[in-house]
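Given next are the chains, with one letter for each unit.
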Amino acid sequence: YTRWVDLDGSVDLASFDDLFGEKKEQPESIAVSLPHSFKTLTGKSKGFAARHASIYLKNRGITREDILKWKIGFCDDGDYAGRICIPSFDESGNLNYFVARGYGKQYPKYKNPPVSRDIIFNDLYVDWEEPIVLVEGVFDAIVAGNAVPILGSILKERSKLFQKIIREKSTVYVALDPDAKDKEQKIINSLLEYDIKVLKVDVSSYEDVGSMPKQAFLQKKKD
């Protein structure tokens, strides 16, 4: 006897060893560290090197409060030079990812760490007792408030984020980019199958949530 399965054979529930044998050792997760040249923008004195990064954030409508909340910094040297760096922390406060976005002519536009993206970005700061907003990117999440960026436009049912939404029974607002309508609908359908209350935010008049003024997004969310 080797496996437990549903009667129709469609779902593989657990192996015999998983249930009755010795507990298997889990593979060690890859540690994430901020780039060595990371400099925070949260302090009052940021120096000349931070000027371009600060101007870029200001032009995107990022406030001082946003910088403090999201622990935003930048890199002026090394592999991530010329990039805004936004760290992510898991529910225990450990660094689990970061997003590095060029604020000049860097290519590619985004350069992120070579680790799994199956994380809940900034889980430490998400209020799961309140409705959450699912967006594509970190700058979208900064505008949306109590939001989680899915770091793309796909949310798999086995992902950590999807599973936590199900466990917490959170009300979900979905606000993906206008060019991801089909993928957005798949996410909505998947959540509805688990009896999650889902509301769609119409952002079709903008390129994405990150390009919207915060008050404009709040109004669209309310609508």
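This text goes with the structure placed above it.
1. A word on the side chain of Ser153
Phase 1 of the analysis: Its location among the elements puts Ser153 in the loop between strand 8 (147-149) and helix 5 (160-168).
Phase 2 of the analysis: By relative accessible area, which is 14% here, Ser153 ends up buried.
Phase 3 of the analysis: Of the polar contacts made by the side chain of Ser153, one reaches the side chain of Lys183; its length is 3.5 Å.
Phase 4 of the analysis: Excluding residues that lie within four positions of it along the chain, Ser153 makes contacts with Glu136, Leu176, Ala180, Lys183 and Ile187.

2. Quick look at the nonpolar core
Phase 1 of the analysis: Ranked by size, the top nonpolar core spans 41 residues in total, and within it Leu57, Ile72, Ile84, Ile86, Phe121 and Phe217 carry the most contacts.
Phase 2 of the analysis: The set of elements that each furnish at least two residues to this core consists of helix 2 (51-59), helix 3 (64-70), strand 4 (73-75), strand 5 (83-89), strand 6 (95-102), strand 7 (132-135) and helix 4 (138-144).
Phase 3 of the analysis: Counting residues per element, this core draws most heavily on helix 4, at six residues.
Phase 4 of the analysis: Apart from the residues lying within four places of it in its own chain, the contact partners of Ile84 are Ala53, Tyr56, Leu57, Ile72, Gly73, Phe74, Val99, Ala100, Arg101, Tyr103 and Phe139.
Phase 5 of the analysis: Residues Ile132, Leu134, Val148 and Phe162 belong to the second largest nonpolar core, which totals 20 residues.

3. Digging into the sheet that holds strand 7
Phase 1 of the analysis: Reading across the sheet, the four strands line up as 8-7-9-10 and stay open at both edges, with parallel pairing between neighbours. Both edges of this open sheet fall to strand 8 and strand 10 (198-200), since each of them pairs with a single strand only. In this sheet, neighbouring strand axes are inclined to one another by 25° on average, regardless of whether the strands run parallel or antiparallel.
Phase 2 of the analysis: Taken together, the three bridges between strand 9 (residues 172-174) and strand 10 define a ladder with parallel strand orientation. For Val172, the partnering residue across the bridge sits in strand 10 and is Val198.
Phase 3 of the analysis: Contacts from helix 6 (residues 181-193) reach strand 7, strand 9 and strand 10 within the one sheet, and its direction differs from that of strand 10 by about 160°.

4. Details of the sheet that holds strand 4
Picture the strands of a sheet paired through backbone hydrogen bonds; they go either parallel or antiparallel.
Phase 1 of the analysis: Pairing in this open sheet of four strands is antiparallel, and the strands run 3-4-5-6 from one edge to the other. The open sheet has two edge strands with one neighbour each: strand 3 (38-40) and strand 6. The average angle at which neighbouring strand axes cross in this sheet is 35°, direction not considered.
Phase 2 of the analysis: Contacts between helix 2 and the sheet are confined to strand 4, strand 5 and strand 6, with strand 5 contributing the most and set at about 70° to the helix.

5. Some words on the packing of aromatic side chains
Phase 1 of the analysis: Per the stated rule, a full pass over the model turns up three aromatic pairs.
Phase 2 of the analysis: Ring centres of Phe162 and Tyr194 lie 5.5 Å apart, and the angle between their planes is 75°; on these two criteria the pair is classed as edge-to-face. Of this pair, Phe162 sits in helix 5 while Tyr194 sits in the loop between helix 6 and strand 10, placing them 32 residues apart in sequence.
Phase 3 of the analysis: You can call Phe162 buried: its relative accessible area is 0%.
Phase 4 of the analysis: A relative accessible area of 37% means that Tyr194 is categorised as partly exposed.
Phase 5 of the analysis: A cation over a ring is seen here: Arg101 above Tyr110, with NZ or CZ 5.7 Å from the ring centre.

6. Let's talk about the pattern of salt bridges
Phase 1 of the analysis: Taken as a whole and assessed by the stated rule, the structure comprises five salt bridges.
Phase 2 of the analysis: The partner of Asp76 in a salt bridge is Lys39, and the shortest N-O contact between them spans 2.9 Å. Residue Asp76 is found in the loop between strand 4 and strand 5, and its partner Lys39 is found in strand 3; the two are separated by 37 residues along the sequence.
Phase 3 of the analysis: Note on Asp76: relative accessible area 32%, which makes it partly exposed.
Phase 4 of the analysis: Lys200 is the salt-bridge partner of Glu184, the closest N and O atoms lying 3.1 Å from each other. Of the two residues, Glu184 sits in helix 6 while Lys200 sits in strand 10, which places them 16 residues apart along the sequence.
Phase 5 of the analysis: With a relative accessible area of 3%, Glu184 lands in the buried category.
Phase 6 of the analysis: Since its relative accessible area comes to 47%, Lys200 is described here as partly exposed.

About the cut-offs
Residues numbered from 1 in each chain as written. Predicted model: local features only at pLDDT ≥ 70, side-chain atom pairs only at ≥ 80, totals over all residues. Heavy atoms only, no water. Helix = DSSP H or I, 4+ residues; strand = E, 2+ residues; numbered from the N terminus. Buried < 20%, exposed > 50% of the residue type's maximum accessible area, 1.4 Å probe, protein only. Polar contact = N/O pair within 3.5 Å; in protein donor to acceptor, adjacent residues only side chain to side chain. Contact = heavy atoms within 4.5 Å. Core = buried A, V, L, I, M, F, W, Y, C linked by side-chain atoms within 4.5 Å. Pairing = 2+ DSSP bridges. Axes fitted to C-alpha atoms, helices over the stretch in contact; angles between N-to-C directions. Phe/Tyr/Trp six-rings, centres within 6.5 Å; stacked < 30°, edge-to-face > 60°. Lys NZ or Arg CZ within 6 Å of the ring centre and 35° of its normal. Salt bridge = Lys/Arg side-chain N within 4 Å of Asp/Glu carboxyl O.

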